[in-house]
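# Residue-level structural notes
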Amino acid sequence: VYVGTFYELVYPTDTGSFQGYLALREAATALTDLGTVNEVNMYGEASFYFNHKSKVKTVHMVALYGNSVLGFEYAQTEHEKMKKLFDKLNALQ
């Protein structure tokens, strides 16, 4: 059963990943015709949701975990399961 998609950008340093996270957040913020950014910082060291205007049944989330920036895209119906995954990722840090 397909749940969603996971993306990982790995950087040589935590500073590099933070800069990558900020660049993604800035780029997402500029996409006002497609949606809005909701920075929640609930997962990892920083995180935001992108609320897409037309893909309303899909969750888009980006989080910073150490030297990696993780991106998730999944069905809204799977949100409770995914929150458990994000909590487990927090525990691994």
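In case you missed it, the structure is sitting above this.
First things first, this report covers the structure right here in the doc.

## Some remarks on the overall build of the protein
Along the backbone of the protein there are two helices and five strands. Element order for the protein, N to C, with α for helix and β for strand: β-α-β-β-β-β-α. A compact globule built from 93 residues should have a C-alpha radius of gyration of about 12 Å, and the protein, at 13 Å, falls within 12% of that. If you line up the protein on its principal axes, its C-alpha atoms span 35 × 30 × 20 Å. Of all 93 residues assigned to the protein, the portion counted as buried reaches 33%. Expressed as a percentage of contacts within the protein between residues at least 6 apart in sequence, the contacts between residues at least 24 apart total 41%. By element, 58% of the accessible surface of the protein is carried by carbon and sulfur atoms, the whole surface being about 5,900 Å². For the protein, the distance from the average site of its 8 positive side-chain charges to the average site of its 10 negative ones is 10 Å.

## Brief notes about the nonpolar core
The biggest cluster of nonpolar side chains holds eleven residues, and these are Tyr43, Tyr49, Val59, Met61, Ala63, Tyr65, Leu70, Phe72, Tyr74, Met82 and Phe86. Those elements that place two or more of their residues in this core are strand 4 (58-65), strand 5 (68-75) and helix 2 (79-92). When residues of this core are assigned to their parent elements, the largest contribution, four residues, is made by strand 4. Residues within four places of Phe72 in sequence aside, it is in contact with Thr5, Phe6, Val59, His60, Met61, Met82, Leu85, Phe86 and Leu89. Ala46, Phe48, Leu64 and Val69 belong to the second largest nonpolar core, which has eight residues in total.

## What about the pattern of salt bridges?
Evaluation of the coordinates by the stated rule reveals three salt bridges. Ionic pairing is found between Glu39 and Arg25, a salt bridge with its closest N-O pair at 3.0 Å. Placement of Glu39 in strand 2 (residues 35-39) and of Arg25 in helix 1 (residues 14-29) is noted, with a sequence separation of 14 residues between them. Glu80 serves as the salt-bridge partner of Lys83, at 3.2 Å between the closest nitrogen and oxygen. Taken together, the positions of Lys83 and Glu80, both in helix 2 and three residues apart, correspond to about one turn of that helix. Judged by relative accessible area, Lys83 falls into the partly exposed class, the value being 25%. Overall, Glu80 belongs to the exposed group, its relative accessible area being 52%.

Criteria and thresholds
Residues numbered from 1 in each chain as written. Predicted model: local features only at pLDDT ≥ 70, side-chain atom pairs only at ≥ 80, totals over all residues. Heavy atoms only, no water. Helix = DSSP H or I, 4+ residues; strand = E, 2+ residues; numbered from the N terminus. Rg over C-alpha atoms; globule rule 2.2 N^0.38 Å. Buried < 20%, exposed > 50% of the residue type's maximum accessible area, 1.4 Å probe, protein only. Contact = heavy atoms within 4.5 Å. Areas by Shrake-Rupley, 256 points an atom, 1.4 Å probe, with all protein chains shown as cover. Lys, Arg positive; Asp, Glu negative; His and termini not counted. Charge placed at Lys NZ, Arg CZ, Asp CG, Glu CD. Core = buried A, V, L, I, M, F, W, Y, C linked by side-chain atoms within 4.5 Å. Salt bridge = Lys/Arg side-chain N within 4 Å of Asp/Glu carboxyl O.

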